[in-house]
Amino acid sequence: MKLEPLVAAAVIGLLLLAPHAARADIDPRVATLVRESGAALHVAPLPSIRTIRATGDVVTDGLAGKADNWNEMGRSRAATRFSTPPLGGGSGWDGKKSWTLDQTGLVIVDGSTLGRSTAIDQAYLGNYDLWTPGYGGARVVWSRSESVMGKGYDLLTVTPPKSSLPLDIWFDRTSHLPVKAVQTAGPLVTTTTLADFRPVDGLMIPYRVVTSTNAGDSTSFTATTVTANPSNSAADL
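Residues numbered from 1 in each chain as written. Predicted model: local features only at pLDDT ≥ 70, side-chain atom pairs only at ≥ 80, totals over all residues. Heavy atoms only, no water.

Asks: If you had to explain helix 2 (residues 28-41) to someone new, which residues and values would you point to?
Replies: Compared with the 20 Å implied by 1.5 Å per residue over 14 residues, the 20 Å span of helix 2 between its first and last C-alpha is a close match. Taken together, the buried positions of helix 2 are occupied by Val 30, Ala 31, Leu 33, Val 34, Ser 37, Gly 38 and Leu 41. Along the axis of helix 2, the buried residues cluster in a sector spanning 165°; they form a single face. Put simply, Asp 27 is the residue that caps the front of helix 2, since its side-chain oxygen is 2.8 Å from the backbone nitrogen of Arg 29. Where helix 2 terminates, the next one or two residues include His 42, which has phi positive at roughly 55°. (Helix = DSSP H or I, 4+ residues; strand = E, 2+ residues; numbered from the N terminus. Expected span 1.5 Å × (residues − 1). Buried < 20%, exposed > 50% of the residue type's maximum accessible area, 1.4 Å probe, protein only. Arc of directions from axis to C-beta. Polar contact = N/O pair within 3.5 Å; in protein donor to acceptor, adjacent residues only side chain to side chain.)

So this is what it looks like as C-alpha cells:
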C-alpha cells in the first residue's frame, strides 16, 4: 500500500520522536531521554533535511578566521574547512575514511584509531544520528546523572558504529537539549559544548560550538549563516 506524502512524513516523524518504544531490551531511561531530547530539538523534519551547512567565525588556538561546516544529517558524512591566516585546512569523515586537509591543499588520510574514531564521533554528534531509528547503529547506554553548579544533567554513553571511543553526551535536565559531549582517549580528554540553539527549517541547530582538550587546545565556532539542503552539498562532502 502506498502512503500519501504527508502521511508518510508524519509516520517517519513519530518514529524519530520515539524510535525504540517497542524494544524490550532498551533501557527505559535511554528511550525516555532520546525521546525528550528529540522533542526539544524538533527532529520531526530530520528526514527531509539531507544536509546542513554552517558558515561563520572561528577562533582556533588564538588565530581568528572563517569556517565552513557541512553535516549529512541522519547519515554518516561530515566535513569542515577553515581559514585562520596564516594557517588553514580542514578535516572530515567520508563514511569510510578520516581525512585532514593541510594549508597547501594536501589531503592526508588518518588511519589511526584515535583519528578515525574522533572523526566518526564528531560526525555522529553533528549529524544527529542519535535521533534516527536504531540510534544510527550506535551502542547507547545510560551513564549517570550529574549536578554542576546547581544545574542538573543526564548522561548517555554512546559508541557510534566503527568508532572505538565512546562519547559521554550531557543533556540539560530542564531543556533536554544536548549541551556537551566528552570523549576520552587515554590521557586525552576532548570536550565539545553546544549552545545557542536556533531553528533551521524547523530543526534546532547549535550556533555556538566550542571544542577543547585537557592539553590546552581550543577551537570555537560561531555560526553566522546556517542553511538546510544547500544545492552544492554533494561536492563539499
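Asks: Before we move on, can you summarise the pattern of salt bridges with the specific residues and values?
Replies: The tally for this structure, following the rule as stated, stands at 10 salt bridges. For Arg 29, the salt bridge identified is with Asp 27, shortest N-O distance 2.9 Å. When its relative accessible area of 45% is taken as the criterion, Arg 29 is described as partly exposed. Classification of Asp 27 by relative accessible area gives partly exposed; the value is 25%. Asp 172 is the partner of Lys 151 in a salt bridge, and the nearest nitrogen-oxygen pair spans 2.9 Å. (Salt bridge = Lys/Arg side-chain N within 4 Å of Asp/Glu carboxyl O.)

Structural measurements only, silent on function.
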